[in-house]
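# Remarks on the overall topology
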Amino acid sequence: QVQLVESGGGLVQTGGSLRLSCAASGRSFSFYAMGMGWFRQAPGKEREFVGWTGSSTYYSDAVKGRFTISRDNAKNSVYLQMDSLKPEDTAVYYCVGGGSNRYRPNYWGQGTQVTVSS
């Protein structure tokens, strides 16, 4: 089992930046071999894919060019740098990992709130 813990959410103004962090822990897992990514869920909306990094890196059209995923395998951590934030980016952001593909991860964090004020 793998545990994922996010941090770094908060309130930011339109056009601002935030960096989310996610630390993975658990027994007998190889973080460097795991695909890792982020989903988000806005109020009243379904959860949606944000981005993923594995053998390749993918982003949703909504965040492409503004968000960047990176990882530090030595720290078992993945990050989401969010720039040029918009009010529509307001959501709970979930760190995810593992699984057979980027849309069906095995592991989920508890989520961290990001609020972008207009």
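Everything in this summary refers to the structure shown in the same document. (Residues numbered from 1 in each chain as written. Predicted model: local features only at pLDDT ≥ 70, side-chain atom pairs only at ≥ 80, totals over all residues. Heavy atoms only, no water.)

### Some details on the sheet that holds strand E7 (residues 67-72)
- Here we have four strands laid out as an open sheet, ordered E1-E3-E8-E7, and antiparallel in their pairing. Both edges of this open sheet fall to strand E1 (2-7) and E7, since each of them pairs with a single strand only. Across the sheet, the mean angle separating the axes of adjacent strands is 20° when strand polarity is ignored. (Pairing = 2+ DSSP bridges. Helix = DSSP H or I, 4+ residues; strand = E, 2+ residues; numbered from the N terminus. Axes fitted to C-alpha atoms, helices over the stretch in contact; angles between N-to-C directions.)

### Examining the side chain of Asp-89
- Within the fold, Asp-89 resides in the loop between strand E8 (77-82) and strand E9 (91-97).
- At 2.9 Å, the side chain of Asp-89 and the side chain of Arg-40 are in polar contact.
- Excluding its chain neighbours within four sequence positions, the residues that come into contact with Asp-89 are Arg-40, Arg-66, Phe-67, Ser-84, Val-114 and Val-116. (Polar contact = N/O pair within 3.5 Å; in protein donor to acceptor, adjacent residues only side chain to side chain. Contact = heavy atoms within 4.5 Å.)

### Overview of the environment of Ala-33
- Among the secondary structure elements, Ala-33 is positioned in the loop between strand E3 (18-26) and strand E4 (36-41).
- Taking C-alpha positions, Ala-33 is 21 Å from Leu-20, a pair spaced 13 residues apart along the chain.

### Notes on the pattern of salt bridges
- Across all of its chains, the model carries four salt bridges by this definition.
- One salt bridge connects Glu-48 with Arg-40, and the closest N-O pair in it is separated by 2.5 Å.
- Take Arg-40: its relative accessible area is 5%, and that puts it in the buried class.
- Here Asp-89 ties to Arg-40 by a salt bridge, and the two come within 2.9 Å at their closest N and O atoms. Here the residue Asp-89 occupies a position in the loop between E8 and E9, and Arg-40 occupies one in strand E4, the gap between them amounting to 49 residues. The pair Asp-89 / Arg-40 is uniform in exposure class, with both members buried.
- Residues joined in a network through salt bridges with shared partners are Arg-40, Glu-48, Arg-66 and Asp-89. (Salt bridge = Lys/Arg side-chain N within 4 Å of Asp/Glu carboxyl O. Buried < 20%, exposed > 50% of the residue type's maximum accessible area, 1.4 Å probe, protein only.)

### A short note on the state of the cysteines
- According to the stated counting rule, one finds one disulfide in the structure shown.
- In this model, Cys-22 is linked to Cys-95 through a disulfide, with the two sulfur atoms separated by 2.0 Å. Judged by the sign of its S-S torsion, about -80°, the bond between Cys-22 and Cys-95 is left-handed. Of this pair, Cys-22 sits in strand E3 while Cys-95 is found in strand E9, placing the two residues 73 residues apart along the sequence.
- For Cys-22, a relative accessible area of 1% gives the class buried.
- The class of Cys-95 is buried, set by a relative accessible area of 0%. (Disulfide = S-S within 2.5 Å.)

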